[in-house]
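Secondary and tertiary structure notes
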Amino acid sequence: MATYEDDHNLPASSTSLKPAPRRPRPDLSNFFSSLSISPSTTTTDPTESTYPTDQTSSAFTSLARAWQQSIEGNEVLESLIEQLIEEGRGGAGVKGVDQHFLDELERVPKKELVEADICPICNTSFLLDQYPLVVRLPCHKSHVFDLECISPWLKLHTTCPLDRIDLTKKKTPPPPPVEEEEEEWDDNYG
Amino acid sequence: MALPKRIIKETERLVAEPVPGIQAIPHDDNLRYFDVSIHGPAQSPYEGGVFKLELFLPEDYPMTPPKIRFLTKIYHPNIDRLGRICLDVLKANWSPALQIRTILLSIQALLGAPNPDDPLANDVAQRWKEDEPGAIATAREWTQTHAAP
């Protein structure tokens, strides 16, 4: 079929000026909505104990899916997507404590606190809050934090911010001794 | 989004009680972005130099570390040519109990005690190990050329 260029003796290159069909844009709505409930959101709802691993992973996965639809033949992006899928699968890098651990932390009653006691994370006196919710980490009696401040950290890390002691290691009880209680021989049987 | 109270408090204290030899000033239009200058420590090849850095507090700070980069060219085994810094507390050893102030002090200390066994700038670290006096002389020259106050 004769094109416009043929008819008018124009160099064929002018066809390349036609804009390439737009690639579909990745749909990021899922990714951002999954981020909006990021681990920094503090909650005392014990039913939410499944995150952060699951949540971060699903965010990675949804980001990967969103981009997958919009690229073709771009090696860099493809390898990035593979990486995201991998991270989503394993939830790699997110190793925090569960909600149960946070619930079990020792509470510091208000009457034990003085004006000069500040949370090392927000640097604010505990008593500025009329109803301070303060917890003590098991590593040291002076390591106290607002529950609201320490929760997002411990959901992603298992260490005390002040001494980097792994709190999960200290809490894990030694494996119970294997009971080698043999079944009583019943010589009346058989 | 409103600036967390902690960042406001840190900024106020940085201005009211500055660390000797360290300056950190937030941008007017972005209070998470700081212009930093660090004086090279005495008795180091960086003595007499003033080094400019940029510091950015990410959205989830202090759960994640600040992002910091040297803007002034510097010859140091733990700082690459893009100004990126190899320092444990800026990565795996970050803790939310650390602050802008403590991190900048760590960077100043890193200038006083280069660690060529944990390099970021491999060629610099290599030279530091093979010819320390030569490497220190280069660091001193670079300080005079690039970090003159």
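In this text the structure is predicted, and so the values were computed from the model without any measurement.

**Focus: the interface of chain B and chain A**
- With nine residues of chain B at the contact, the number on the chain A side is twelve residues.
- Tallied by class, the residues present in the side of chain B that touches chain A amount to four nonpolar, one polar and four charged.

**What about the sheet that holds strand β3 (residues 50–56) of chain B?**
Residues and elements named next belong to chain B.
- Read from one edge to the other, the open sheet built from four strands follows the order β1-β2-β3-β4, with strand pairing classed as antiparallel. The sheet is open, and its two borders are formed by β1 (22–26) and β4 (67–70), each paired with just one other strand. Each strand of the sheet is rotated relative to its neighbour by a mean of 20°, with strand direction disregarded.
- The pairing of strand β2 (residues 33–39) with β3 spans seven bridges and is classified as antiparallel. By the bridge assignment for β3, D35 is matched with E54.

**Topic: the sheet that holds strand β1 (residues 106–108) of chain A**
Residue and element names in this part refer to chain A.
- Pairing within the open sheet is antiparallel, and its three strands lie in the order β1-β2-β3. The open sheet has two edge strands, β1 and β3 (144–146), and neither has a second partner. Averaged over neighbouring strand pairs, the angle between their axes works out to 40° when direction is ignored.
- One ladder, built from three bridges, connects strand β2 (residues 134–136) with β3; its direction is antiparallel. Directly across from V134, in β3, lies its bridge partner D146.
- On the sheet, helix α6 (residues 147–154) packs against β2 and β3 and is oriented at approximately 95° with respect to β3.

Conventions used here
Residues numbered from 1 in each chain as written. Chains lettered and ligands numbered in written order. Predicted model: local features only at pLDDT ≥ 70, side-chain atom pairs only at ≥ 80, totals over all residues. Contact = placed C-beta atoms within 7 Å. Nonpolar A, V, L, I, M, F, W, Y, C, P; charged D, E, K, R; others polar. Pairing = 2+ DSSP bridges. Helix = DSSP H or I, 4+ residues; strand = E, 2+ residues; numbered from the N terminus. Axes fitted to C-alpha atoms, helices over the stretch in contact; angles between N-to-C directions.

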